[in-house]
Structures are given as C-alpha cells and as structure tokens.
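In case you want the letters, here they are:
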Amino acid sequence: MNAEAGSLAGLFASSFLSATLLPGNSEIVLAAVVANLPYLFWTAIAVATVGNTVGGMTSYALGRLIPAEGGRKLAPRAVALARRYGIAMLLLSWVPVIGDALCVASGWLRQDWRLATLAIAAGKLVRYVAVKIIRHDLSASLGNERFLREIEIAARLRHPNIVPLYDSGEVDGSLFF
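Cut-offs applied
- Each chain has its residues counted from 1, running along the sequence as written.
- Reporting of local features is limited, given that this is a predicted model, to residues whose pLDDT is at least 70; pairs of side-chain atoms are given and counted only at 80 or more, and all residues count toward the totals for whole chains, interfaces and linings.
- The side-chain numbers reported here are obtained from all heavy atoms of the structure, hydrogens and water having been left aside.
- For helices, the axis comes from a line fit to the C-alpha atoms of the stretch in contact; other axes are also lines fit to C-alpha atoms, and the angle between any two N-to-C directions lies between 0 and 180 degrees.
- Under the scheme used here, helices are H or I runs from DSSP no shorter than 4 residues and strands are E runs no shorter than 2 residues, and both carry numbers assigned from the N terminus.
- By the definition adopted for this analysis, an angle is roughly parallel if under 35 degrees, roughly antiparallel if over 145, roughly perpendicular if from 65 to 115, and oblique otherwise.
- Two helices that cross are described as forming a left-handed crossing if the nearer one is turned anticlockwise from the farther one by less than a right angle, and a right-handed crossing if clockwise.
- Note on contacts: a residue pair is in contact if any heavy atoms of the two residues lie within 4.5 Å.
- Whether a residue is buried, partly exposed or exposed follows from its accessible area with a 1.4 Å probe, protein chains only, as a fraction of its type maximum: under 20%, in between, or over 50%, in that order.
- Among the buried residues, those of types Ala, Val, Leu, Ile, Met, Phe, Trp, Tyr and Cys that are joined through side-chain atoms within 4.5 Å form a nonpolar core.

Colleague: Explain the packing of helix H3 (residues 41-65) against helix H5 (residues 98-108) to me, please; I cannot follow it from the model alone.
Modeller: The packing of two helices is summarised by the inter-axis angle and the distance between the axes. Put simply, H3 and H5 touch, their axes get as near as 6 Å, and they point 45 degrees apart. Considered as vectors, H3 and H5 are oriented oblique to each other. Note that H3 runs across H5; the crossing there is right-handed. When H3 is examined against H5, the residues Gly56, Ser59, Tyr60, Gly63 and Arg64 are found in contact with a partner set consisting of Asp100, Cys103, Val104, Ser106, Gly107 and Trp108.

Colleague: Help me understand the side chain of serine 26 in this model?
Modeller: Residue placement: serine 26 occurs in helix H2 (residues 26-36). Serine 26 sits in the buried class, given a relative accessible area of 1%.

Colleague: Is there a simple way to explain the nonpolar core in this structure?
Modeller: Nonpolar side chains tend toward joint burial in soluble globular proteins. Core analysis: the largest hydrophobic core is formed by 18 residues, its most contacted members being Met57, Ala78, Leu90, Leu102, Ala105, Ala116 and Ile120. Mapped onto this core, the elements with two or more residues apiece are H3, helix H4 (76-85), H5 and helix H6 (113-130). Counting residues per element, this core draws most heavily on H5, at six residues. In contact with alanine 116, other than residues within four places in its own chain, are Met57, Tyr60, Ile87, Leu90 and Ser106. Ranked by size, the runner-up nonpolar core spans 12 residues in total, among them Leu8, Leu11, Leu40 and Tyr128.

Just geometry here; none of it tells us what the structure is for.
Set out below in structure tokens:
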C-alpha cells in the first residue's frame, strides 16, 4: 500500500469511527491528509464523507435493532426532533453528540433508509467542505496572523444560523478550523 492509499484508508477509518458512538476527530485527519497531499483534496473530502456516512448509517442500523418499547427511553429529545422534522433532521447528523442520537432515532423510527443515507451524506459533505484549511503559499504571502485572527473571530460568533467553531489547530505547518 502506498502512502496515498494509506492516508486515505486512515482517513476513512477515522471518519467512520467519528460518526459512530466512539469519539473521534476526523477533521484533524482530513486537514493532515490535505496538508500533505493537496492534490487529493476532493478525493479526501469524498473519502471522509463516505466513511462518515457509513458510520452514521451504522448508528441508524443499530436504531433499527432496538425494539419499539425500548426506544422510548433512548434519547427522547432526538426522537422528538426526528419525529417532528423527519429525514431533514439528519442534515444535522454531523453535530457532535446529538448527531449520533439523531441517526439512532431515525433508525428506531424506521424512516426510509435511502432518504436517511442521502440526508446524512449531504450533512457530512457540507461539514467537511466547511473545514477551512489555509494553503502554504497563502500562509507565506498573507501571514498566519490574519488566519489566527479569523479563527478568534469565528470562535466568538454565536447565532443559530452560524455553524459554531469546534476545533482549530495546525498540522504539518498548515492551519485549519
């Protein structure tokens, strides 16, 4: 296995595990792959999205295995949201903690698995595309200070229509958030 295939396999595994009930941080792995292999940007986005979607559908499948009477105590808020908004709620399956519960609740409610897969994939894709990574050439010309200021400003924003900043950092000299 060459370095590219190994990096993408690691990204898939990280993305899969991050979308299940196990903790993970696939955005950092994605940032590392893109920083080291920038020509694989869209391939890395696709691999991360597929891995995360498969993980979300694993949670969905686990929800399908829960008997009807057992699911009532599972995650009442997630079940209520899934009932009220239906499949569209799975667009938020990327949100830490609640996203896993939404996938399980959707499975427990026996919502259409094909639509669930599409909604989960769309939410995961948008999340990965929204991860911002500054390229080395831009960092050299603009300086890291500007990017760091942008991270600080983004971290302070609080509004229901703005995706919150969950993580930021540096991987192999490339900043991301």
